[in-house]
Amino acid sequence: MTQPQTNASRPLQGKFALVTGGSRGIGRGIVLKLAERGAAVAINYIKDEAAARDTLAKVRAHGAEGFVVRADVARPEEWASMAVQVREQFGALDIFVSNALGNLLGFMSPPMQVTMAQWDESFQCQSRAFFVGVREMASLLRERGRIVNLSYWPGSHLGGFLPYFAMGTNKAAQEAMCRYFALALAPRGITVNAVCAGITDDSIVNSLPKEAQEAMFAWLRSGWSPMGRPTLPADLGGAVAALCSEDAGWITGQTIVVDGGASLMSPEVPLDFQRP
Ligand SMILES: NC(=O)c1ccc[n+]([C@@H]2O[C@H](COP(=O)([O-])OP(=O)(O)OC[C@H]3O[C@@H](n4cnc5c(N)ncnc54)[C@H](OP(=O)(O)O)[C@@H]3O)[C@@H](O)[C@H]2O)c1
């Protein structure tokens, strides 16, 4: 039986959101969950306009409004034009999700091999993008707004996945920025948090060579993901939507891991000892 839609089921009705990299992968999962809760969503992309429009159609199927906006988050001047478009279309913003990935596969390189050009590219599409994005969107954000940045806990806190060096160190910087921005924006009731995704199906992981994807997902299903499956974009959407709820207004400056418990597993102890 379908339930009639009530305000309780659409708690973000009347809110305006911008999700960078909202056209595909985790960003799409976040866009769709925000739309399901009633928010109007600006869907940022860089290349794949068809994917962005397809996501917009799904937003509308949820009975929500939105528009697509092409902008390269690595270019500060494109943040400025994205802000103009958000102002023209929405007039204001309540939720800003910094999720766009950049060309990760282009700057995957171990610490002693990564080139200066790769390092600069990772900085521009990650730390600098978040820094510029928050300052550009802050003037559009209304009181009690929400800022969420996507991160990866093992990349920002551990060191085992060597080719992730440029991305992981930038993610650590963004998590630190969340804490500083949280205090800077607290007087306006705006919260700023980092959400760390687990290894996610239907994301950049699916662009890796088939054997690499299969090996990673099989590893998680073998028990290293305590809930027995990889993370899904909708899992991140749910977490971000929860942080955007009225009840989450006292949570700020935090790094929240959304990986079904995978990061709680110990690499020092055999898997069999860690099974319930
Ligand atoms: N996938 C994982 O397992 C995982 C784990 C932890 C954290 N994360 C984080 O989650 C976020 C999303 O990753 P994902 O795996 O969902 O990526 P994805 O599936 O590859 O999607 C990337 C999205 O970012 C957009 N994009 C890429 N470069 C951009 C740029 N310079 N400017 C604006 N938009 C750009 C793409 O737009 P187009 O469609 O136009 O190309 C697309 O919408 C990233 O911050 C990533 O670090 C991912």
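Just above, that's the structure.
This is a predicted model, so every value here is computed, not measured.

### Comments concerning the sheet that holds strand S7 (residues 255–258)
Part 1 of the argument: Taken in spatial order, the seven strands of this open sheet run S3-S2-S1-S4-S5-S6-S7, and their pairing is parallel. Two strands in the sheet have a free side with no partner beyond their single neighbour: strand S3 (66–70) and S7. On average, each strand axis in the sheet is inclined to that of its neighbour by 20°, with strand direction left out of account.
Part 2 of the argument: Its contacts with the sheet put helix H7 (residues 165–185) on strand S5 (141–151), strand S6 (191–197) and S7, and the angle it makes with S6 is roughly 160°.
Part 3 of the argument: Here helix H9 (residues 233–243) sits on the sheet and contacts strand S4 (93–98), S5, S6 and S7; the angle it forms with S6, its principal contact strand, is near 165°.

### Quick look at the site of the ligand
Part 1 of the argument: Near the ligand there are 29 residues, and of these Gly21, Gly25, Asp48, Ser203 and Ile204 occur at the shortest range.
Part 2 of the argument: Elements with a minimum of two residues in the shell around the ligand: helix H1 (25–36) and strand S2 (40–45).
Part 3 of the argument: Here the shell around the ligand gets three residues from one element, more than from any other, and that element is H1.
Part 4 of the argument: Among the residues making up the shell around the ligand, the classes are represented as 15 nonpolar, 10 polar and four charged.

### Looking at the environment of Met112
Part 1 of the argument: Residue placement: Met112 occurs in the loop between S4 and helix H4 (116–125).
Part 2 of the argument: Considered as a pair, Met112 and Leu162 are 50 residues apart in the sequence and their alpha carbons are 9.5 Å apart.

### Quick word on the packing of H4 against H7
Part 1 of the argument: Direction vectors running N to C along H4 and H7 enclose 35°, while the axes themselves pass 9 Å from each other. Crossing of H4 over H7 shows right-handed handedness. Every residue of H7 that contacts H4 at Gln118, Trp119, Ser122 and Phe123 is listed here: Ala166, Met167 and Asn170.
Part 2 of the argument: By residue class, the composition of the contact of H4 with H7 is four nonpolar, three polar and no charged.

Reading the values: rules and limits
Residues numbered from 1 in each chain as written. Predicted model: local features only at pLDDT ≥ 70, side-chain atom pairs only at ≥ 80, totals over all residues. Pairing = 2+ DSSP bridges. Helix = DSSP H or I, 4+ residues; strand = E, 2+ residues; numbered from the N terminus. Axes fitted to C-alpha atoms, helices over the stretch in contact; angles between N-to-C directions. Contact = placed C-beta atoms within 7 Å. Near = placed C-beta within 6 Å. Nonpolar A, V, L, I, M, F, W, Y, C, P; charged D, E, K, R; others polar. Left-handed = near helix turned anticlockwise from the far one by under 90°.

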